[in-house]
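Examination of the molecular architecture
Listed here are the chains, written in short residue letters.
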Amino acid sequence: MIILKSPQEIERMRRPCRIVAEVLEVVKESVRPGITTAALDRIAEREALIRGATPAFKGYCGYRNSLCCSVNEQVVHGIPGKRELVEGDIVSLDFGVLCDSFYGDAAITLPVGKVDAKGQNLISVTEQSLYAAINFAVPGQRLSDISHAVQEYVESRGYSVVRDFVGHGIGRSLHENPQIPNYGQPGKGPKLKAGMVLAIEPMINANGFEVKVLGDGWTAVTCDGGLSAHFEHTVAITDSGPEILTKCV
Ligand code: MF3
Ligand code: CO
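Residues numbered from 1 in each chain as written. Chains lettered and ligands numbered in written order. Predicted model: local features only at pLDDT ≥ 70, side-chain atom pairs only at ≥ 80, totals over all residues. Heavy atoms only, no water.

Here we look at the overall build of the protein chain
The secondary structure content of the protein chain amounts to 4 helices and 15 strands. Its C-alpha radius of gyration of 17 Å places the protein chain within 12% of the 18 Å reference for a compact globule of 249 residues. Once the C-alpha set of the protein chain is aligned to its principal axes, its extents read approximately 45 × 45 × 35 Å. Taking all 249 residues of the protein chain together, the buried fraction comes to 54%. Partitioning the contacts of the protein chain with sequence separation of at least 6, the portion at a separation of at least 24 is 71%. By element, 50% of the accessible surface of the protein chain is carried by carbon and sulfur atoms, the whole surface being about 10,500 Å². Computed over 25 positive and 29 negative side-chain charges, the inter-centroid distance for the protein chain is 3 Å. (Helix = DSSP H or I, 4+ residues; strand = E, 2+ residues; numbered from the N terminus. Rg over C-alpha atoms; globule rule 2.2 N^0.38 Å. Buried < 20%, exposed > 50% of the residue type's maximum accessible area, 1.4 Å probe, protein only. Contact = heavy atoms within 4.5 Å. Areas by Shrake-Rupley, 256 points an atom, 1.4 Å probe, with all protein chains shown as cover. Lys, Arg positive; Asp, Glu negative; His and termini not counted. Charge placed at Lys NZ, Arg CZ, Asp CG, Glu CD.)

Here is the structure:
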């Protein structure tokens, strides 16, 4: 069952989503060679709390941090720690909060200092694939039109789509139905309706699509060691089109 949100509920979702966008913007300013991923996590937590929001991931299924920091070949769910970012890394930051009973969720991938063209291109293709997908988050389209848009955008540019993780509905829970794969044939699945709120999150690998989870039980990495990037927005479907709730204004 996909829970539809009333216009009033979508209004209430603006706050957690805006806070997520603001916090990622603040964390972004601190991303530089030499900073540890644990330091980024502390900044994210502090910036959420001072805005009156609760970090959503801390305590979720036993996850112990507020932010996910995934470096280079790490795909998602990298655990913050003593690792220092170095020039040339790419780092994905995934963050969510709960505020006034609703969740917001977003992710960005950033270059650390100067990154080679390959890394830059992966980042920009992944971000653009998210916007290509969001264009299909309109009433009357089918869910898999979103999935297909990501796959088409990414594979035509020589990259591969991670299959083992998906986007999701979001609202009073961090993860609601539907699951949103980032690949698939168009025209399948439920018809999209005004009032659906979706966290769309392409995870894109430079080489093969295969991923595995490390022994820490969280960190997903590419099997071939190639780079991976991740972008995510919380998007409301409205009669006048998709509205990106986690956009920084
Ligand atoms: N942002 C992730 C998602 O979109 C959630 C991270 S899992 C957690 O589903 F345990 F770290 F919270
Ligand atoms: Co998410």
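Structural notes on the pairing of strand E15 (residues 241-244)
In the case of a regular strand, side chains alternate between the two sheet surfaces. With 4 bridges joining them, strand E14 (residues 233-238) and E15 adopt antiparallel strand pairing. Residue pairing for E15: Val235 is matched across the bridge by Ile244. In this structure, the hairpin formed by E14 and E15 is closed by a connection of 2 residues. (Pairing = 2+ DSSP bridges.)

Describing the coordination of the cobalt ion (ligand 2)
In the first shell of the cobalt ion (ligand 2), the protein supplies Asp105 (OD), His168 (NE2), Glu201 (OE) and Glu232 (OE), at 2.1 to 2.3 Å from the metal. Of note, the cobalt ion (ligand 2) draws all its donor residues from one chain, in the sequence arrangement D-x62-H-x32-E-x30-E. You can see Asp105 sitting in strand E5 (residues 102-111) and its partner Glu232 sitting in the loop between strand E13 (228-230) and E14, a full 127 residues away along the chain. Of the two residues, Asp105 and Glu232, neither departs from the other in class, the shared state being buried. (Donors = N, O, S within 2.8 Å, 3.2 Å for Na, K, Ca; no water.)

A word on the environment of Arg12
Within the fold, Arg12 resides in helix H1 (residues 7-30). Along the backbone, Arg12 and Phe209 are 197 residues apart, and their C-alpha atoms lie at a distance of 37 Å. Excluding its chain neighbours within four sequence positions, the residues that come into contact with Arg12 are Asp100, Ser101, Phe102 and Arg172.

Examining unusual backbone geometry
Omega for the peptide link from Asn177 to Pro178 comes to 0°, which places this bond in the cis form. When you line up the elements, Pro178 lands in strand E8 (residues 176-180). One non-glycine residue, Cys61, lies in the positive phi region at around 50°. As for its position among the elements, Cys61 is in the loop between strand E1 (54-55) and strand E2 (67-71). The exposure class assigned to Cys61 is exposed, which follows from its relative accessible area of 62%. Phi is positive for Asn72, close to 55°, though the residue is something other than glycine. With respect to the helices, strands and loops of the structure, Asn72 is situated in the loop between E2 and strand E3 (74-76). In this structure Asn72 comes out as buried when scored by relative accessible area, which is 13%.

Side note on the packing of aromatic side chains
Across all of its chains, the model carries 1 aromatic pair by this definition. Arg157 extends its terminal NZ or CZ atom over the ring of Tyr153, reaching a point 3.6 Å from the ring centre. The positively charged end of Arg163 is found above the aromatic ring belonging to Phe209, 4.6 Å away from the centroid. (Phe/Tyr/Trp six-rings, centres within 6.5 Å; stacked < 30°, edge-to-face > 60°. Lys NZ or Arg CZ within 6 Å of the ring centre and 35° of its normal.)

A few points about the pattern of salt bridges
Considering all chains together, one arrives at 9 salt bridges under this definition. One salt bridge in this structure joins Glu11 and Arg14, with 3.0 Å as the shortest N-O distance. Of this pair, Glu11 and Arg14 both sit in helix H1, separated by 3 residues, roughly a single helical turn. Residue Arg14 is classed as partly exposed on the basis of its relative accessible area, which comes to 27%. Between Asp100 and Arg12 there is a salt bridge whose closest N-O contact spans 3.1 Å. Separated by 88 residues along the polypeptide, Asp100 in the loop between strand E4 (90-99) and E5 and Arg12 in helix H1 bring together distant segments of the chain. A relative accessible area of 41% places Asp100 in the partly exposed class. In this structure Arg12 comes out as partly exposed when scored by relative accessible area, which is 31%. (Salt bridge = Lys/Arg side-chain N within 4 Å of Asp/Glu carboxyl O.)

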